[in-house]
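# A structural walkthrough
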Amino acid sequence: MDGACPYDVFALKDKSKQRSIKPYTENIFKGKVFCGHCGRALHRHRDSRSGKYSFYCLTNQRYNRGGCENGIIYENELLQVIMASLKAQASVLIENKNILAASMQDQTKTAEIAAEIKRLKTYISQNQNFLSSLYENLVNGIISPEEYQTMRRDYGEKISEAVKRIHEVEKQRTTADNEYTRYCEMDRALELLFDSGKFTKEIIDKLISKVVIYKGKRVEITYNFENEFESEVQTNG
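Residues numbered from 1 in each chain as written. Predicted model: local features only at pLDDT ≥ 70, side-chain atom pairs only at ≥ 80, totals over all residues. Heavy atoms only, no water.

### Some remarks on the confidence of the model for the protein
Considering every residue of the protein, the mean pLDDT works out to 84; 84% of them sit at 70 or more. Ranking the elements of the protein by mean pLDDT puts strand β7 (residues 232-234) last, at 48, and helix α6 (residues 201-207) first, at 95. Counted against residues more than four places away or in other chains, residues 228-234, with its pLDDT under 50, gives 22 contacts. (pLDDT = per-residue confidence, 0-100. Helix = DSSP H or I, 4+ residues; strand = E, 2+ residues; numbered from the N terminus. Contact = heavy atoms within 4.5 Å.)

Quick look at the structure:
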């Protein structure tokens, strides 16, 4: 041998580093997990040895040593708590969805809304006709300038109130439609979760508004649908 190194040591080290570095997984709870003691968002950390992810409060490290007594909770623990809670809460989501569907399919209620809008539009048309004839009555001396101003204001207010009411009724109907669509999307997200057993950021965003962690790994979950009961679960420490 001529003394040359049979392999490139530095190249092997670089390849070894490349093999050992694993990219961080997506934080599906981004912007949703908070400390129950100081209110700050919890930091997501990956252990360099085990590769496990956990959430903990940075108050003691960055802001005020001894200012927060909260501990850590592993991400897999949090996922288990949320899965168990969602299974308990699934009936609430489905019930609310069914209530909305029944309300939207209520023919009597739908007919009443349509009738009210039709009546209001007729009322507006009548008052607009009265309003148009006022100036002619003023010119012909049938009413005085003072009467003209008073009646013009009164008819204008009646028209404005009727238009406002139509907007309110239509907004209520649109809100109900949007709410039903939102519940359908949440129901589909829940079905996907239960079928696959896997959480994604999209599923979390659809179902969960906020997660608060307290000392002892007590978890408080605020869902994007009404809770039947306080969703507080304590994991095994």
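### Overview of the pairing of strand β6 (residues 218-223)
Pairing between strand β5 (residues 208-214) and β6: six bridges, direction antiparallel. Residue pairing across strands places Val211 opposite Ile221, the latter belonging to β6. Between β5 and the antiparallel strand that follows it, β6, lie three residues; Gly216 among them carries a positive phi value of about 85°. (Pairing = 2+ DSSP bridges.)

### Considering the packing of helix α4 (residues 107-139) against helix α5 (residues 145-196)
Two quantities define a packed helix pair, namely the angle between the axes and the distance from one axis to the other. With their axes 9 Å apart at the nearest point, α4 and α5 run at an angle of 160° to one another. Between α4 and α5, the interaxial angle falls into the category roughly antiparallel. Considering only the axes of α4 and α5, their crossing is left-handed. Tallied by class, the residues present in the contact of α4 with α5 amount to 19 nonpolar, two polar and seven charged. (Axes fitted to C-alpha atoms, helices over the stretch in contact; angles between N-to-C directions. Parallel < 35°, antiparallel > 145°, perpendicular 65-115°, else oblique. Left-handed = near helix turned anticlockwise from the far one by under 90°. Nonpolar A, V, L, I, M, F, W, Y, C, P; charged D, E, K, R; others polar.)

### Some words on the pairing of strand β2 (residues 43-46)
Pairing between β2 and strand β3 (residues 53-56): four bridges, direction antiparallel. Looking across to β3, one finds that His43 is bridged to Tyr56. Counting the residues in the hairpin turn of β2 and β3 gives six residues, including Gly51, whose phi is positive at 80°.

### Describing the nonpolar core
Membership of the largest hydrophobic core comes to 34 residues, with the highest contact counts inside it found for Leu78, Ile82, Leu86, Leu207 and Phe225. Looking at this core, the elements with two or more residues in it are β1 (33-35), α3 (75-104), α5, α6, β5 and β6. Ranked by the residues each element gives to this core, the list is headed by α3, at nine residues. Leaving out residues up to four positions away in the same chain, Phe225 has contacts with Leu86, Gln89, Val92, Leu93, Tyr183, Met186 and Leu207. Listed in part, the five residues of the second largest apolar core include Leu120, Ile159, Ala162 and Ile166. (Core = buried A, V, L, I, M, F, W, Y, C linked by side-chain atoms within 4.5 Å. Buried < 20%, exposed > 50% of the residue type's maximum accessible area, 1.4 Å probe, protein only.)

### Quick look at the sheet that holds β2
Read across the open sheet, the three strands follow the order β2-β3-β4; overall the sheet is antiparallel. The sheet is open, and its two edges are formed by β2 and β4 (72-74), each paired on a single side. Neighbour-to-neighbour, the strand axes of this sheet turn through a mean angle of 30°, independent of strand direction. In the packing of α3 onto the sheet, contacts are made with β2, β3 and β4, and the angle to β4 comes to roughly 75°.

### A look at the pattern of salt bridges
Per the stated rule, a full pass over the model turns up nine salt bridges. The closest approach of N and O atoms between Asp205 and Lys32, which form a salt bridge, is 3.7 Å. Of this pair, Asp205 sits in helix α6 while Lys32 sits in the loop between α1 (9-20) and β1, and the two are 173 residues apart along the sequence. What makes Asp205 partly exposed here is its relative accessible area of 33%. Between Lys206 and Glu185 there is a salt bridge whose closest N-O contact spans 2.8 Å. Taken together, the residues Lys206 in helix α6 and Glu185 in helix α5 connect sequence positions 21 residues apart. Several salt bridges share partner residues, and in doing so they unite Lys32, Lys201 and Asp205 into one network. (Salt bridge = Lys/Arg side-chain N within 4 Å of Asp/Glu carboxyl O.)

### Structural notes on the state of the cysteines
Across all of its chains, the model carries zero disulfides by this definition. No disulfide involves Cys38; its sulfur sits 3.3 Å from the nearest other cysteine sulfur, which is in Cys57. (Disulfide = S-S within 2.5 Å.)

### Concerning the environment of Ser132
Looking at the secondary structure, you find Ser132 in helix α4. For the pair Ser132 and Arg152, spaced 20 residues apart in sequence, the C-alpha to C-alpha distance is 9.2 Å.

### With respect to the environment of Tyr135
Mapped onto the fold, Tyr135 is located in helix α4. On the basis of relative accessibility, which here comes to 51%, the residue Tyr135 falls in the exposed class. Considered as a pair, Tyr135 and Arg152 are 17 residues apart in the sequence and their alpha carbons are 9.0 Å apart.

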